[in-house]
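Summary of the model geometry
Each chain, written out:
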Number of protein chains: 2
Amino acid sequence: MTKIRNMEEFARLTGISRPTVSKFFNDPASVRVSTRNRIEKALEQYDYRPNIFAINQNRKLTKNIGILVPYLADPFFAEIARKIERRCIDAGFWPILFSAHGEQKTENDILDSLRSLKPAGALLAPLGRRSDRAALEQFCRAVPTVLFDSNIEGIGTAFIGSDNAHFVGQIVEYLCRTGEPPCFFEMQPVNPNANKRRNAYIAVMERLGHVPNVLRVEGGGWDFEKVGYEGALAMLDANRLTTNTVLCSNDRLAIGFLTACYERGLKVGYAEGCALRVAGIDDHPFSRFTCPPLTTVAQDYESVSNRSTETLFQLIDSDGPPATRVEMLFEGRLVMRASA
Amino acid sequence: MTKIRNMEEFARLTGISRPTVSKFFNDPASVRVSTRNRIEKALEQYDYRPNIFAINQNRKLTKNIGILVPYLADPFFAEIARKIERRCIDAGFWPILFSAHGEQKTENDILDSLRSLKPAGALLAPLGRRSDRAALEQFCRAVPTVLFDSNIEGIGTAFIGSDNAHFVGQIVEYLCRTGEPPCFFEMQPVNPNANKRRNAYIAVMERLGHVPNVLRVEGGGWDFEKVGYEGALAMLDANRLTTNTVLCSNDRLAIGFLTACYERGLKVGYAEGCALRVAGIDDHPFSRFTCPPLTTVAQDYESVSNRSTETLFQLIDSDGPPATRVEMLFEGRLVMRASA
DNA sequence: CCGATAAATTTACGCGCGGCAAGTTTTTAT
DNA sequence: ATAAAAACTTGCCGCGCGTAAATTTATCGG
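Basis of the calculations
- Residues numbered from 1 in each chain as written.
- Chains lettered and ligands numbered in written order.
- Predicted model: local features only at pLDDT ≥ 70, side-chain atom pairs only at ≥ 80, totals over all residues.
- Heavy atoms only, no water.
- Pairing = 2+ DSSP bridges.
- Helix = DSSP H or I, 4+ residues; strand = E, 2+ residues; numbered from the N terminus.
- Axes fitted to C-alpha atoms, helices over the stretch in contact; angles between N-to-C directions.
- Near = heavy atom within 4 Å.
- Polar contact = N/O pair within 3.5 Å; in protein donor to acceptor, adjacent residues only side chain to side chain.
- Nonpolar A, V, L, I, M, F, W, Y, C, P; charged D, E, K, R; others polar.
- Domains from an automatic or database assignment.
- Contact = heavy atoms within 4.5 Å.
- Buried area = accessible area lost by both parts, 1.4 Å probe.
- Salt bridge = Lys/Arg side-chain N within 4 Å of Asp/Glu carboxyl O.

Note on sheets: strands pair through backbone hydrogen bonds, and any given pair is parallel or antiparallel. Residues and elements named next belong to chain B. If you walk across this open sheet you meet the six strands as 2-1-3-4-5-11, and the pairing is parallel. At either margin of the open sheet sits one strand with a lone partner, and together these are strand 2 (94-99) and strand 11 (326-330). Taking each pair of neighbouring strands and ignoring which way they run, the sheet shows an average axis angle of 15°. Examined bridge by bridge, strand 1 (residues 64-69) and strand 3 (residues 121-124) share four bridges and lie parallel to one another. Bridge pairing links Ile65 to Gly121 in strand 3.

Laid out in structure tokens, this is it:
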């Protein structure tokens, strides 16, 4: 079993010309069955793999797909990134995962790095409010891009996300139906979803004939649990809650809220003897393990990741962006647990 | 501002020969100051970047560093991966992050992909029990590799991890000092750390004159919270607990345990009226937000990531592996919260 | 100011593959 | 059986850069 240096050598061993072998590696279905079998047999025997750098240098378009999430330490993004990676691999692409770690500079650096990888396309979940719009625009001019999770108007050729209005409608209606109308617990919005959720909350409450009550707490960044915890403590101690039902802008805030309630000895839930009901939005991977488990609206991870990748694949196949920018929103599923 | 196609064109614009420009990009300090200034000035003006694929094709060794973690959806690994990435970038390398998603096949596939990237080195946190030892050995023969978090004897040229004996010693002594000696709550071990922790628990208990009590629950995989939750429910309902103090093999198991306790109406903590004390090991990012917040032993993320990367950098600089395989273990810090 | 030496720079070649054109063989259809 | 189509081979160029060897330029003591 000799060491094979390049495709030339490998081709010689198979008795097939190099261009045909090259064709095989680009698409095994593009060569005759008999040829394919001979190459595959040799492949088992000699363990040769084309040099990925030489391939990417010469192909006009690589098979790379860049994936960028704002904050990978959030299991929500870890989970959706995992699904997207899987689908890219299955489609014959080479996904490369990046996290902006919540910082604009990092996001911009990554966009730069990504561009030098000459990717066939990119799936971006931008930071949102902290994103550098100009940098994103420039990137999208060079690379076919689909945005997901966090929408930025006019950026990318498509956006796949969640129907925040529907999410909020579901949970607010549920809460109103089963108890006191909720107040809305939020922090300074980091992305458009947070704004849409607040506005949807206000709209739904008014539609149902209730007075909306938005409680904004201090603190920013991506350490949501901490912000929620500290904000909740301050709010509880100052007695600023005018209802026994709290809808948090997202699950991670809710997790912090629950911690604060526990610390103050307030029992959370809908059962007898409970002081408060707390609900979230997202169905974060950890939400079923909070105390009590968190009532929330589940993001449709599966659909979002599927549609995002498929939209990008279509975009890659059909050269030239479509006439209109597409936005696709998925509905959520109410997940009733013990907290509300 | 014309578009620059390659280094040739760029070099012409600066009036310097291409190889000298190439030298500059590999190490700006290796060219004369006057030359450097001219290039840097042109760089601001023309926005040229060398083609990464052409670079990597020709360099005997790339600047890539592969990072592999067993399960990126675990914020612990997300966090340590983030720190490692940062340090690689600062050192002028190009980190590429992969997750095995808890599966051997994925881990092996990634090792293959990684090898074709001809990385200067790799930082691996192997799956552990599920890892394919032969595949890892083969990989390590081709790539300078440092293992972290999870040790596999004889694999890689160094291992950087945690001193599980010290971790367990600290928390067991604390628990014994402040209440009943703990039992040890574990699942089927996924990696050597779990085994070391159990054995350390037994040793410490015996040293302190107590009878060790290991409770193993059903269930495998990487869904630790779920395993802990279901295992705890079964254990509580069958009344198999002979002590009021539970030390969980890791924080994620403990999180599940707390959820089960909450569901059964058992108050956890050391305060008056509490039925159980529960402690974990790791200081998982979410452990301070459980109800009650989790007493645990904190991993020294910072030191582990720092030493891992620095060890690898040294290994890369000095060609040829060192005479002996180094193992470096960091101690933990007891984090006292309300749960125990 | 000269020659020796080190540093900087240029010359020339190679890396491994994609892609094209023209010619040859095999397969498929009539 | 024969013509047309499909698959394959040969031969060559180009991609954008790294790098060893050759050449030039700078440095410095005398």
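Below, the discussion takes up the protein's contact with DNA strand C. Within the structure, DNA strand C sits among 25 residues, and Met7 and Tyr48 of chain A together with Ser17, Thr35 and Asn58 of chain B are positioned closest to it. Restricting attention to atoms of DNA strand C within 4 Å of the protein, one finds that 64% of them are sugar or phosphate atoms. Ser22 of chain A is positioned with one of its side-chain polar atoms (N or O) 2.5 Å from a phosphate oxygen of DNA strand C. The contact in question runs from a sugar or linking oxygen of DNA strand C to an N or O atom on the side chain of Arg32 of chain B, over 2.8 Å. Taken together, the elements giving at least two residues each to the surface near DNA strand C come down to helix 2 (18-26) and helix 4 (52-58) of chain A together with helix 2 (18-26) and helix 4 (52-58) of chain B. Of the residues that constitute the surface near DNA strand C, the class distribution is eight nonpolar, 12 polar and five charged.

Residues and elements named next belong to chain A. For chain A, the assigned domains are domain 1 (7-50), domain 2 (64-161 + 303-330) and domain 3 (164-298). A C-alpha centroid distance of 29 Å is found between domain 2 and domain 3. Contact residues are listed per partner, giving 15 residues for domain 2 and 13 residues for domain 3. Across the domain 2/domain 3 interface, buried area totals approximately 1,200 Å², and carbon plus sulfur atoms make up 54% of it. Contact with domain 3 buries surface across domain 2, with Tyr71, Pro75 and Arg129 losing the most and accounting together for 34% of the total.

This next bit is on the protein's contact with DNA strand D. The full set close to DNA strand D counts 28 residues, and Thr20, Thr35 and Asn58 of chain A together with Met7 and Ser22 of chain B are the nearest of them. Counted by atom, the contact set of DNA strand D within 4 Å of the protein is 69% sugar and phosphate. In the model, a phosphate oxygen of DNA strand D is placed 2.4 Å from a nitrogen or oxygen of the Met7 of chain B main chain. For DNA strand D, a phosphate oxygen lies 2.3 Å from a polar atom in the side chain of Ser22 of chain B. Secondary structure elements with two or more residues in the surface near DNA strand D: helix 2 and helix 4 of chain A together with helix 2 and helix 4 of chain B. The residue inventory of the surface near DNA strand D, partitioned by class, reads nine nonpolar, 13 polar and six charged.

Attention shifts here to the interface of chain A and chain B. Across the contact, 43 residues belong to chain A and 43 residues belong to chain B. Both faces combined, the contact of chain A with chain B buries some 4,000 Å², and carbon together with sulfur accounts for 66% of it. Together, Phe53, Tyr262 and Phe289 of chain A form the three largest contributors to the area buried by chain A at its contact with chain B, with a combined 19%. On the surface where chain A and chain B come into contact, there are two salt bridges. Put simply, Arg49 of chain A and Asp112 of chain B hold a salt bridge, and the shortest N to O gap is 3.8 Å. Between chain A and chain B we count five residue pairs in polar contact (both at pLDDT 80 or more) in total. Breaking the side of chain A that touches chain B down by element, the ones donating at least two residues are helix 4, helix 5 (75-90), strand 2 (94-99), helix 6 (104-116), helix 10 (224-237) and helix 11 (251-263) of chain A. In terms of residue count, helix 5 of chain A provides more of the side of chain A that touches chain B than any other element does, six residues in total. For the side of chain A that touches chain B, a count of residues per class yields 20 nonpolar, 12 polar and 11 charged.

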